[in-house]
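Structural overview
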Amino acid sequence: MQSTDISMPMAKATSAVTLATAAQTDMADKLVQAATVNTSAQSWHWVNSIPWGIIASIVAALYTSLLICEWFWKKLWRPAFERWGWMAPNKRRTTMTLDECQHMSETPRMEP
């Protein structure tokens, strides 16, 4: 995986769309009201008075902004900064073969 690859793009896109849809349909308000409908305690009154739909909209906007910033960072900004010499390039991961691993285990080691 290269440094410019976005990990799990479909999961991130699906979760962002689901979160935005839930915030748009006031699902958070309905869920809280349904969960606290049979409670008689006065302490649950403040839970129902919180504007959960607005909070869900803010969280959806923040999450979407983070996903967009991640995309810009990995696809545009970081490669440009590496090309201009402002940042050191990421070290590429190397894959060790079974022969290399066996060769390393056969190497004599110094006794302490």
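This text follows the structure it describes.
Residues numbered from 1 in each chain as written. Predicted model: local features only at pLDDT ≥ 70, side-chain atom pairs only at ≥ 80, totals over all residues. Heavy atoms only, no water.

Turning our attention to the packing of aromatic side chains. For the structure shown, the criterion picks out 6 aromatic pairs. Here the aromatic rings of Trp71 and Phe72 are separated by 5.4 Å at their centres, their planes lie at 80 degrees, and the arrangement is edge-to-face. For Phe72, a relative accessible area of 31% corresponds to the partly exposed category. Aromatic side chains Phe72 and Trp77 sit 5.5 Å apart centroid to centroid with 20 degrees between the ring planes, which places their arrangement in the stacked category. When its relative accessible area of 41% is taken as the criterion, Trp77 is described as partly exposed. One aromatic cluster is present, built from ring pairs that chain together Trp73, Phe81, Trp84 and Trp86. (Phe/Tyr/Trp six-rings, centres within 6.5 Å; stacked < 30°, edge-to-face > 60°. Buried < 20%, exposed > 50% of the residue type's maximum accessible area, 1.4 Å probe, protein only.)

It is worth spelling out the pattern of salt bridges at this point. With the rule as written, the count across this model stands at 2 salt bridges. Glu70 is the partner of Lys74 in a salt bridge, and the nearest nitrogen-oxygen pair spans 3.7 Å. Within this pair, Lys74 and its partner Glu70 are both found in helix H4 (residues 52–84), separated by 4 residues, close to a single helical turn. In this structure, Arg78 and Glu82 form a salt bridge, with 2.9 Å as the shortest nitrogen-oxygen distance. In this pair, Arg78 and Glu82 both sit in helix H4, 4 residues apart, roughly one turn of the helix. Using a relative accessible area of 14% as the deciding quantity, one classes Arg78 as buried. (Salt bridge = Lys/Arg side-chain N within 4 Å of Asp/Glu carboxyl O. Helix = DSSP H or I, 4+ residues; strand = E, 2+ residues; numbered from the N terminus.)

Turning to the environment of Ala88, a few remarks are in order. Position of Ala88 relative to the elements: it lies in the loop between H4 and helix H5 (98–106). A relative accessible area of 56% means that Ala88 is categorised as exposed. Separated by 10 residues in the primary sequence, Ala88 and Arg78 place their C-alpha atoms 9.7 Å from one another. In contact with Ala88, not counting residues within four places along its chain, are Arg78 and Glu82. (Contact = heavy atoms within 4.5 Å.)

Just distances and angles here, no functional claims.
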